[in-house]
Amino acid sequence: MEAGPFPEEVPARKVCVVGSELVENYTVYIIDVTDGLHQWTVKHRYSDFYDLHEKLTAEKKVDRHLLPPKKILGKNSKSLVERRQKELELYLQTLLQQFPEATPTPLACFLHFHLYEINGVTAALAEELFHKGEQLLQAGEVFSLRPLQLYSISQQLRLAKPTCFTGDAKTDLGHILDFTCRLRYLKISGTRGPVGTSNIQENSLSFDLSVFKSLLQIEISDCSSPQVHGLPSLRSTLATLSIHRSTQSMMSILVPEASEFSQWEPEGAESGCPVTAVVPVWRNLTTLDMSHNCISAVDSSVKLIPKVEFLDLSYNQLSSVENLQHLYNLVHVDLSYNSLRTLEAAHTRLGNIKTLSLAGNQLENLTGLSKLYSLVNLDLSHNQLAQLEEIRNIGALPCLEKLNLSSNPMCIIPDYRTRVLAQFGDRAAEVCLDCKVTTEKELDTVEVLKAIQKAKEVKDRMSNSDKKITEDTNPSAAAPPTSSSSSCLAQQAACSSQEITSREEVPEPPTVLPPVDAAPPPESFNSNTLLLSAEPAQVKHFALSASEQSLCGAPTNTTSSSAAICCVCSASFSSHLEVRCPSCSATWCPLLPPPLFSLSSSNKDFITQLSQWLSLALREQKTKRGEEEDESDPRDVRSPVEGSDLCSRR
């Protein structure tokens, strides 16, 4: 315990009846009690004084005539009340002089010594533990103490007098010391403002925790960290430490010695600089909760808590996160409701954490979270995230299962949930967004969005590599190579005007397949991403036929050009032999017909129309295949699709 001088004398105690007030039909006297620097107010009626006097005369042989007599008539008159007020004050002062140290229990309770005075507080606590202490220890429950009680214990231990100076074994201070040595779970709760009717501010009272020898868990709230002494004595046993509304820095709690030694190092650390103190580490501390404080930085004191797995720094004033790389065993981190605006390279500080809460900050981007590969739960609610593109930074995290983005600006975006889930690709079904399980309907929409996204990516690649598009105009991009490209070109040149006429007679959806004269897709393009409502075999067949039609079966007659609409600027132009829009120079995209690009990716009509058109295209392909099998003469008039199929077989 922290050393301190022994008080030379007991603080003077004074009693004064300062006034009275009429309550219903009786008078209540207001008593001010002073004990050193502490002062409090007690209110009693005359009958309370009479009961006190009866107890004292029976137990302590106090003079029976010391108390003013009762009055039946005129008991509430002003003159009587003023005279009795002075007489009652003299009565109480006489009792305090008669019992200067060991105050009788009835008198201590009458003046509320058990609530505010050092001796009375410890005596009341000792008597409580005398009756219930052993049961509390065996139950293993959390025991609550107030800072005033701990202050009283600390002051009593500094007094040069026996632990049982009152003569009552029940109030022996030894009961408290025996209990504190074996207690394992402690909660210290202060108060904001004065205690009761007193002027006592508990956050200004100092107390010592070195009397606790076996603590595993301690929670301290509404105290002042400079007034909390003896924390270093808990380093060898404590496993859970919680501090709330009590400190402005982590250093004052974890390294109280830093106030005396400016240059210190943790035990076992190697340092090339001279140090003035080697501080022992918290050997068993695995949980540190310092939420609801005024901490503005994570200082170097965390070097002393290498075994911490759970760290809660929520509701503080953090604007950056530093020094957490020293916590190698960190698993759960709560940084919610701070002042964080960015979190760059979080993996270098947070390591392999599984749970991270960043709710209630001012985050606008998520670039620093892209490498937290062990993260399972992530809370980003109540931030300033407005762009859906930021979700890509966490969409590739392989273990992420729970994500909370509620109360962010992006939440007002239409179909926000499905567009966020689409960023997780094939893992969309495994992610629980905003505490809601993903539905089958949302997963279906996600699949559509994924297809559209891949289509746009291919379109962007084509617009940035015109040369590659030109080189990729050979039929091997869509079908297995069964003939040389020269034979395909020869077959295409052999198509006559009768073939063009035959193709025009065959009904086919005008917007399902790309224009016959459009540039072909690159080899890396997978047509299966667009055929959403077809069976796997049909999808493969449709992708092959579409590529054949646009490559080998394209008509060569320049007079039969078709009109097209730019998917970027919506301008109309002749699509024959055109690969760029004449208005905005955007590259012609053969992946989807222009009307579909004008629809929103979340439009239900878009999904319905796309499925219908693909079904029509598949039925058309089956019809053409049947006609091809029925015809035996290869020189007969064929549509461009049949000619292109023949070209591919050659």
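That block above? That's the structure.
Residues numbered from 1 in each chain as written. Predicted model: local features only at pLDDT ≥ 70, side-chain atom pairs only at ≥ 80, totals over all residues. Heavy atoms only, no water.

(A) Layout of the packing of aromatic side chains. Applying the stated rule across the entire model yields five aromatic pairs. Between Y315 and Y337, the aromatic rings sit 4.7 Å apart at their centres with planes inclined by 10 degrees, giving stacked as the arrangement. Of this pair, Y315 sits in the loop between β13 (310-312) and β14 (332-334) while Y337 is found in the loop between β14 and α9 (347-350), placing the two residues 22 residues apart along the sequence. In this structure Y337 comes out as partly exposed when scored by relative accessible area, which is 32%. A connected cluster of aromatic rings, assembled from ring pairs, spans W40, F113 and Y116. The positively charged end of R45 is found above the aromatic ring belonging to Y26, 3.7 Å away from the centroid. In this structure, R84 packs its charged tip against the face of Y46, placed 4.1 Å from the ring centre. (Phe/Tyr/Trp six-rings, centres within 6.5 Å; stacked < 30°, edge-to-face > 60°. Helix = DSSP H or I, 4+ residues; strand = E, 2+ residues; numbered from the N terminus. Buried < 20%, exposed > 50% of the residue type's maximum accessible area, 1.4 Å probe, protein only. Lys NZ or Arg CZ within 6 Å of the ring centre and 35° of its normal.)

(B) Looking closely at the sheet that holds β13. Taken in spatial order, the eleven strands of this open sheet run β4-β5-β7-β9-β12-β13-β14-β15-β16-β17-β18, and their pairing is parallel. Of all strands in the sheet, those with a lone pairing partner are β4 (143-145) and β18 (432-433), marking the two edges. Sheet topology note: the strand β16 (residues 377-379)/strand β17 (residues 402-404) ladder contains three bridges and is parallel. Residue pairing in the sheet places N377 in a bridge with K402 of β17. (Pairing = 2+ DSSP bridges.)

(C) Region of the structure containing the pattern of salt bridges. Under the defined criterion, the tally for this structure stands at 15 salt bridges. Among the ionic pairs, R182 bridges to D178, the shortest N-O distance being 3.1 Å. Within this pair, R182 and its partner D178 are both found in helix α7 (residues 173-182), separated by four residues, close to a single helical turn. Given the relative accessible area of 43%, D178 is considered partly exposed. For D426, the salt bridge is made with K450, and the minimal N-O distance between the two is 3.1 Å. Residue D426 is located in the loop between α11 (416-421) and β18, and its partner K450 is located in helix α12 (residues 440-464); the two are separated by 24 residues in the primary sequence. The class of D426 is exposed, set by a relative accessible area of 71%. You can call K450 buried: its relative accessible area is 13%. (Salt bridge = Lys/Arg side-chain N within 4 Å of Asp/Glu carboxyl O.)

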